[in-house]
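If you want the building blocks of each chain, they are given just below.
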Amino acid sequence: MTSFKIALLPGDGIGAEVIAEACKVLTAVERKFGHRFEYSEDIVGGAAIDKFGTALRDSTLAMCKRNDAVLFGAVGGPKWDDPRAKVRPEQAILGLRKGLGLFANIRPVKMYPFLANNTALKREVVKDVDMVVLRELTGGIYFGKPQRRWSDSRGRKAVDTMRYSEAEMERIIRLGFELARGRRKHLTSVDKANILDTSRLWREIATEVAEDYPDVSIEHILVDACAMHLIRRPADFDVIVTANLFGDILTDEASMLAGSMGMLPSASLGKRGADGTGLGLYEPIHGTAPDIAGKGIASPVAMILSAAMMLRLSLGLEREADAVEKAVAKVLRSGQRPPDIPAKGKRPLKTKRLGSVIAQAV
Ligand code: NAD
Ligand code: IPM
Ligand code: MN
């Protein structure tokens, strides 16, 4: 029996609701494949602010480093949204990404053929969507200094700084080429090079790195146009590589290409070991969904698919990851679906029920 250590950070709102369902599915994986998952759970985000006065304790970060992978729900909510607050739930996820060196955020966007009929967009537009958005995660405007607000005689002011080093850009762009090489060999680099110096440097580096990948075609698009092309011709995209903020925004948009916000998983990775695995953090791209939190109706799909990514990318359990992904597909195909993508004429399943059905299908 192989044993793996997993850090569990449920967070706030629906974070805790969906992570419980991912654990059910992981229990099914333990049974079926004879593994053992040992969990260390901790409080992060708003819940940690309430209890400890900080969103992420040093001990939590240290605990994550002792594990093989981190499974993260989501943090934040109206209770902690005072714009003047010094401590904010979101500091937990930012601190984990930075503290664990997780610079590469992989967000796959795939439309299941059987869902293409009942989403907000036309079937012809979304039916062949299959892309990966690679988002830079530990640099850019999220972390640049100075970042602060102040007042002077002319009123209130605030500054954020978009800063990137060549090395930070190169490693993520290179990874974009590597991912594209393993797929349909087309990389879209998204920037705002008509306005931003960071983007002009980004484009320059992307053009240089491209020389090492003659087998991969590269296309540069401005982020505003990309937002439009994602809706107009989403199936054309293979791998998109982009900076932190652009990737954040574009993937919320892209979630609708997969049916809903409750569908997109993500993996946040740092440097990898020789066998390709290494510590990673796995979380849905969605947040704490305050509008539905506590109602038991959140979709656990994104969280469960994030657990599958964890099995594959941090634990090296490819067959197990496949089994989870197949179980999700089988259940959704059968018409047993969450309320955000209901099947016509069928009653949607609540969070816990859908989690149990998917675990059963594993
Ligand atoms: P959100 O992703 O929480 O919700 C956006 C919309 O999508 C809502 O209508 C919500 O009901 C729906 N939705 C999200 N997840 C869903 C699911 N699993 N099933 C069904 N519907 C789902 O974004 P928001 O409302 O802008 O943010 C709420 C809070 O979450 C904020 O405090 C934000 O900072 C935080 N947030 C945290 C993370 C994270 O921890 N990684 C990510 C995004 C947002
Ligand atoms: C995400 C979220 C986070 C981000 C927030 C909560 C810090 O929106 O993971 O997409 O902006 O990266
Ligand atoms: Mn986001």
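Use the structure listed above.
All values derive from a computational prediction rather than experimental measurement.

*Asks:* Explanation requested: the sheet that holds strand β2 (residues 35-41) in the structure shown.
*Replies:* Sheet strands pair by backbone hydrogen bonding; their relative direction is either parallel or antiparallel. Spatially, β2-β1-β3-β12-β11-β4-β5-β10-β8-β9 is the arrangement adopted by the 10 strands of the open sheet, whose pairing is mixed. The outermost strands of the open sheet, each flanked by one partner alone, are β2 and β9 (217-222). Neighbouring strand axes in the sheet, compared pairwise and without regard to direction, differ in orientation by 25 degrees on average. Of the strands in this sheet, β4 (104-110), β5 (130-136), β8 (186-191), β9 and β10 (239-242) are in contact with helix α6 (residues 166-181), which crosses β5 at around 165 degrees.

*Asks:* Could you clarify how one ought to interpret a positive patch on the surface in this entry?
*Replies:* Taken together, the side chains of R84, K86, R149 and R156 present a region of like positive charge at the surface. Structurally, R156 is set in strand β7 (residues 155-161). On the basis of relative accessibility, which here comes to 68%, the residue R156 falls in the exposed class.

*Asks:* Even after reading the chapter, I still don't get the layout of surface pockets, so can you show me in this structure?
*Replies:* In this approach the atoms are scanned with a rolling probe the size of a water molecule, which exposes any empty space left behind. If you add up the space inside the largest pocket, you get close to 1500 Å³. Forming the walls of the largest pocket are 49 residues, and the residues nearest its centre are R88, E90, Q91, L94 and Y142. Mapped onto the lining of the largest pocket, the elements with two or more residues apiece are β3 (69-74), α4 (90-99), β6 (144-152), β7 and α9 (244-255). Per element, the largest residue contribution to the lining of the largest pocket is 5 residues, and it comes from α4. Split into classes, the residues belonging to the lining of the largest pocket amount to 23 nonpolar, 10 polar and 16 charged. Counting residues domain by domain, the lining of the largest pocket receives three or more from each of domain 1 (1-105 + 266-362) and domain 2 (120-258). As for the second largest pocket, its lining consists of 26 residues, of which P108, K110, M309, R312 and E325 are closest to the centre. Residue assignment for the lining of the second largest pocket shows that the elements contributing at least two residues are β4, β5, α6, α10 (301-313) and α11 (318-333). In terms of residue class, the lining of the second largest pocket is built from 16 nonpolar, 1 polar and 9 charged. Shared between two domains, the lining of the second largest pocket takes at least three residues from each, and those domains are domain 1 (1-105 + 266-362) and domain 2 (120-258).

*Asks:* Would you explain the site of ligand 2 in this entry?
*Replies:* Lining the immediate environment of ligand 2, one finds E90, I93, L94, R97, R107, R135, Y142, D248 and I285. One nitrogen or oxygen atom from the side chain of R97 is found 2.7 Å from an oxygen atom belonging to ligand 2. Starting from 320 Å² of accessible surface for ligand 2 in isolation, the protein chains cover 78%. When atoms are counted within 2 Å of each cavity's grid points, the one that captures over half of ligand 2 is the largest pocket. Here the residues of the shell around ligand 2 sort into 4 nonpolar, no polar and 5 charged. Two domains each put at least three residues into the shell around ligand 2: domain 1 (1-105 + 266-362) and domain 2 (120-258).

*Asks:* In this structure, what is going on with the site of ligand 1? I would like to understand it.
*Replies:* Not every one of the 21 residues close to ligand 1 is listed here, only the nearest: E90, E283, G287, A289 and D291. With respect to ligand 1, the backbone of G287 contributes an N or O atom lying 2.7 Å from an oxygen atom. In the environment of ligand 1, a nitrogen atom lies 2.9 Å from a nitrogen or oxygen atom belonging to the backbone of S299. More than half of the atoms belonging to ligand 1 lie within 2 Å of the grid points that define the largest pocket.

*Asks:* Quick question: what am I supposed to make of empty space enclosed by the protein here?
*Replies:* All told, the structure shown has 1 cavity of 30 Å³ or more when counted by the stated rule. Contributing to the lining of the largest cavity are Y164, V190, D191, T198, S199, W202, A243 and F246. Broken down by secondary-structure element, the contributors of at least two residues to the lining of the largest cavity are β8 and α7 (197-210). A class-by-class count of the residues in the lining of the largest cavity yields 5 nonpolar, 2 polar and 1 charged.

Calculation rules
- Residues numbered from 1 in each chain as written.
- Chains lettered and ligands numbered in written order.
- Predicted model: local features only at pLDDT ≥ 70, side-chain atom pairs only at ≥ 80, totals over all residues.
- Heavy atoms only, no water.
- Pairing = 2+ DSSP bridges.
- Helix = DSSP H or I, 4+ residues; strand = E, 2+ residues; numbered from the N terminus.
- Axes fitted to C-alpha atoms, helices over the stretch in contact; angles between N-to-C directions.
- Contact = heavy atoms within 4.5 Å.
- Patch = residues over 30% accessible without salt bridge, like charges linked within 9 Å, V, L, I, M, F, W, Y side chains within 5 Å.
- Areas by Shrake-Rupley, 256 points an atom, 1.4 Å probe, with all protein chains shown as cover.
- Salt bridge = Lys/Arg side-chain N within 4 Å of Asp/Glu carboxyl O.
- Lys, Arg positive; Asp, Glu negative; His and termini not counted.
- Charge placed at Lys NZ, Arg CZ, Asp CG, Glu CD.
- Buried < 20%, exposed > 50% of the residue type's maximum accessible area, 1.4 Å probe, protein only.
- 1 Å grid on protein atoms, 1.4 Å probe; cavity = no way out; pocket = protein on both sides within 12 Å on 5 of 7 lines; lining within 4 Å.
- Points joined across faces, edges and corners; volume = space filled by probe spheres on them.
- Nonpolar A, V, L, I, M, F, W, Y, C, P; charged D, E, K, R; others polar.
- Domains from an automatic or database assignment.
- Near = heavy atom within 4 Å.
- Polar contact = N/O pair within 3.5 Å; in protein donor to acceptor, adjacent residues only side chain to side chain.
- Sits in = over half its atoms within 2 Å of the grid points.

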